[in-house]
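Coordinate inspection notes
Here is what each chain is made of, one letter per residue.
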Amino acid sequence: MDYYVAWLIPISPLIAALICTVMAVTKTGRNYAHLPAWCALTIAAAASLLLLNRVSVDESVSVFGGFSWLDVARVRVALSIQLDAISLILITVVTCVSALVAFYARGYMHNDPGYARFFAVFSAFVASMSMLVLADNLFVLYAFWEGVGLCSYLLIGFWYKRPAAAKAATKAFLVNRIADCGFLLGILLLWLQVGNVASPTQGTFSRLDYVVIFNSVELIAAQNPNMLALIGALMLLGAVGKSAQFPLHVWLPDAMEGPTPVSALIHAATMVTAGVFLLCRMSPLLVLLPDVLVIAGWIGGITSLLAAVIALFQHDLKRVLAYSTVSQLGYMFMAVSCGASSNLMSAAVMAALFHVATHAFFKALLFLSAGNVMHAMGDEIDMRKLGGLRRVLPTTHILFAIGAAALSGVPLLSGFWSKDGILSLLSLMSSNDVYGGSFTVLLLIGYATAAITSLYTFRAFFRTFYGKEVIPKSAGSHAHEMPLGMIGPMVILATGSLFLGIVLAPTGIMSRYLQKIPFLVPMEELPHGWAVPVLSAFLCGAGFIVAWITTRPASKNLWFGATGRGFARFGENRFYIDEAYSFCFIKPVEWFASLLAAFDVLVLDGFWKRVSRLPDRLGDIFRKLQSGVVSNYAGWMAFGLVALLVIVLFGEGF
């Protein structure tokens, strides 16, 4: 029974993608393309919830074989599904949030000419993400990792006729290729190393089965620790790209050019969490590489603080939420880094996955709320051009407030529990004998980011829904609240944002479920204290108060004097990181490409043009012999005859 239920999860959205593709190509039933996607994603979500409830924690790993993907000579790649605590938690989050976003998208996209194409790519994206999470083999994971990247390119560039959307899609694709090349190299090196220590009976690609890898890593660490460290660093590079961490974070904010449901899908529960999932999945390998984990923590800390500061000065509501996503992913990286102490690796994975789950609900809610604002305001989302919308959008105002409170860490809401779990682990690691100094700094970064998160979140909330009512001209006279079909999924997300944390954390459900993460030391009972939650609540309140003060009309020019305004311009331009990349990397490549183009045109083309003229020149010479004058032909004939006689008569003397 569980076998068939498990395979429903990836196959259902795949079938929906095929049906919607036929609808898009044949233009048959275009307006009903949402129905296959709705049915498939509902089935996938129901199957995930059923397995989450039915698979016993005592069965730490369940692998369900599927079919042979590639079987040539001795090379065989099988598609199988692995169910364990890590994959079940994430696949449940992915399918449930994706289904809710799909229901919302029906109302948001209903007049778009690419309606069927949208649901086709949307369903394909969920199918790829599902197999990425459920794969039992690193090679299969990488194949669907690239599938997710392809679908994200198509979704971000959905409105491909807009230059900004096409550019954003290309940027996301290329930046991720940099990281994915490193990830692929790490997989190949791991394949070679496992082949050196594993049983010779292992098949070519079965070396990359998780069970085989995790049974081999200690031998690899003993024989070639430097190579294992390189493999871990390359896998970290892959995770950094997919989860948009510094310095490869620049693609994600620009991904806002896609439709808002795409933003909710990519930035909440799916693509950007794939990097965090990779670190959690490979935790039995990374636990042997504490230095790599500390580097991951520093990357996460720098990213979380940098993105939070940039979000503080953005005017585009969706960009504020995009940088917020980058920042929260940094928290998840810091959580995983606490596994640098091997006895805390299970707790680190739990903290990261817990924040993945809560973040998926409140961030999807915030993006869809921003979509309501954008829809009502005629595609205008610049907070300088709108305001005081709580009367026009009363339900969206309440839903955005719930999401903002959860993101900011208001006590007892979901974000409070998951974020404080990470801060508590960082606090515990700050007393570590080896890495205590690093984690003390990361803890301070975590607190600072928590305060700034509350500030920019409530600042965006007040700027959008409070103050003088300003409705842009683009909204015309149709500014109104969204219909029930769009509000309904948001209410479910709001319910998760309110109660998911208190259901999973104080009750211990999450920790008990993750008690037997395969190949890791069982989770220990961690000390509980009041210092972290009290300080976190204080910082949340402080951010709220500062946001309220700085968004009042009397404080319009307060944004903190001349020096502050200069820094604000710096933050508004995202610290000119994109410009720096353009100057250091893109411009030199363009210059070198121009140089090669000139060499191609002036040197290579010139040489081959001259070579191509040789037949013409030879033809000119022989063409003169074909003059058409009979007397010339007679003369040549006489000359030939005389020459032939000379050869016959005197040839023997030569």
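The text that follows walks through the structure, step by step, so that each part is easy to find. The shown structure was predicted, so the numbers you read here are calculated from the model rather than taken from an experiment.

A closer look at the pattern of salt bridges
Between side chains of opposite charge, pairing is possible as soon as their charged atoms come close. Scanning the entire structure with this criterion turns up 11 salt bridges. The salt bridge involving Asp254 is made with Arg574; its shortest N-O contact spans 3.1 Å. Separated by 320 residues along the polypeptide, Asp254 in helix H9 (residues 251-254) and Arg574 in the loop between helix H22 (561-572) and helix H23 (577-623) bring together distant segments of the chain. Ionic pairing is found between Arg384 and Glu572, a salt bridge with its closest N-O pair at 3.8 Å. Linking Arg384 in the loop between helix H15 (345-376) and helix H16 (394-408) with Glu572 in helix H22, this pair joins segments that are 188 residues apart in sequence. For Glu572, a relative accessible area of 31% gives the class partly exposed.

Regarding the side chain of Ser216
Assignment of secondary structure puts Ser216 in helix H7 (residues 210-223). There is a polar contact of 2.7 Å between the side chain of Ser216 and the backbone oxygen of Val212. Setting aside anything within four residues of it in sequence, one finds Ser216 in contact with Val194, Val197 and Ala198.

Thoughts on the packing of aromatic side chains
Within the structure shown, the criterion is met by 26 aromatic pairs. Put simply, the rings of Phe400, Phe458, Phe461, Phe462, Phe465, Tyr466, Phe544 and Trp548 touch in pairs and so form one group of aromatic residues. Its guanidinium or amino end placed over the ring of Phe158, Arg117 lies 4.2 Å from that ring's centre, counting from NZ or CZ. Arg162 extends its terminal NZ or CZ atom over the ring of Trp159, reaching a point 4.2 Å from the ring centre.

With respect to helix H21 (residues 531-550)
Here H21 spans 28 Å end to end across 20 residues, near enough to the 28 Å set by a 1.5 Å rise per residue. For H21, the full list of buried residues reads Val532, Pro533, Ser536, Leu539, Cys540, Gly543, Ala547 and Thr550. Buried positions in H21, seen along its axis, are confined to an arc of 130° and lie on one side of it. Opposite the packed face of H21, turned more than 90 degrees from it, sit the exposed residues Ala531, Val534 and Phe538. Looking at the packing, one finds that the buried side of H21 touches H16, helix H17 (414-429) and helix H18 (436-465).

Considering helix H4 (residues 115-134)
Helical geometry note: an α-helix holds 3.6 residues per turn, so side chains three or four residues apart project in the same direction. The end-to-end C-alpha separation of H4 is 29 Å, in line with the 28 Å expected for 20 residues at 1.5 Å each. In terms of residue burial, H4 counts as a mostly covered element, since 18 of its 20 residues are buried.

Things to note about a nonpolar patch on the surface
On the surface, Phe599, Val601, Leu602, Val603, Leu604, Phe607, Trp608, Val611 and Leu614 cluster together to form a nonpolar patch covering roughly 890 Å² of accessible area. Leu604 sits in the partly exposed class, given a relative accessible area of 35%.

Brief notes about unusual backbone geometry
The linkage connecting Phe246 with the following residue, Pro247, adopts the cis geometry, with an omega of 5°. For Pro247, the location among the structural elements is in the loop between helix H8 (225-242) and H9. Even without a glycine there, the phi angle at Arg574 is positive, about 60°. In the Ramachandran plot, Phe575 falls in the positive-phi region, its phi being about 55° despite a non-glycine side chain. Along the chain, Phe575 turns up in the loop between H22 and H23.

Details of the environment of Ser497
Of note, Ser497 is situated in helix H19 (residues 484-504). On the basis of relative accessible area, Ser497 is assigned to the buried category, the value being 0%. Taking the C-alpha atoms as reference, Ser497 lies 6.5 Å from Gly403; in sequence the two are 94 residues apart. If we skip the residues at most four places from it in the chain, Ser497 touches Phe361, Phe362, Leu365, Ile402, Ala406, Leu413 and Ser414.

About the cut-offs
- Residues numbered from 1 in each chain as written.
- Predicted model: local features only at pLDDT ≥ 70, side-chain atom pairs only at ≥ 80, totals over all residues.
- Heavy atoms only, no water.
- Salt bridge = Lys/Arg side-chain N within 4 Å of Asp/Glu carboxyl O.
- Helix = DSSP H or I, 4+ residues; strand = E, 2+ residues; numbered from the N terminus.
- Buried < 20%, exposed > 50% of the residue type's maximum accessible area, 1.4 Å probe, protein only.
- Polar contact = N/O pair within 3.5 Å; in protein donor to acceptor, adjacent residues only side chain to side chain.
- Contact = heavy atoms within 4.5 Å.
- Phe/Tyr/Trp six-rings, centres within 6.5 Å; stacked < 30°, edge-to-face > 60°.
- Lys NZ or Arg CZ within 6 Å of the ring centre and 35° of its normal.
- Expected span 1.5 Å × (residues − 1).
- Arc of directions from axis to C-beta.
- Patch = residues over 30% accessible without salt bridge, like charges linked within 9 Å, V, L, I, M, F, W, Y side chains within 5 Å.
- Areas by Shrake-Rupley, 256 points an atom, 1.4 Å probe, with all protein chains shown as cover.

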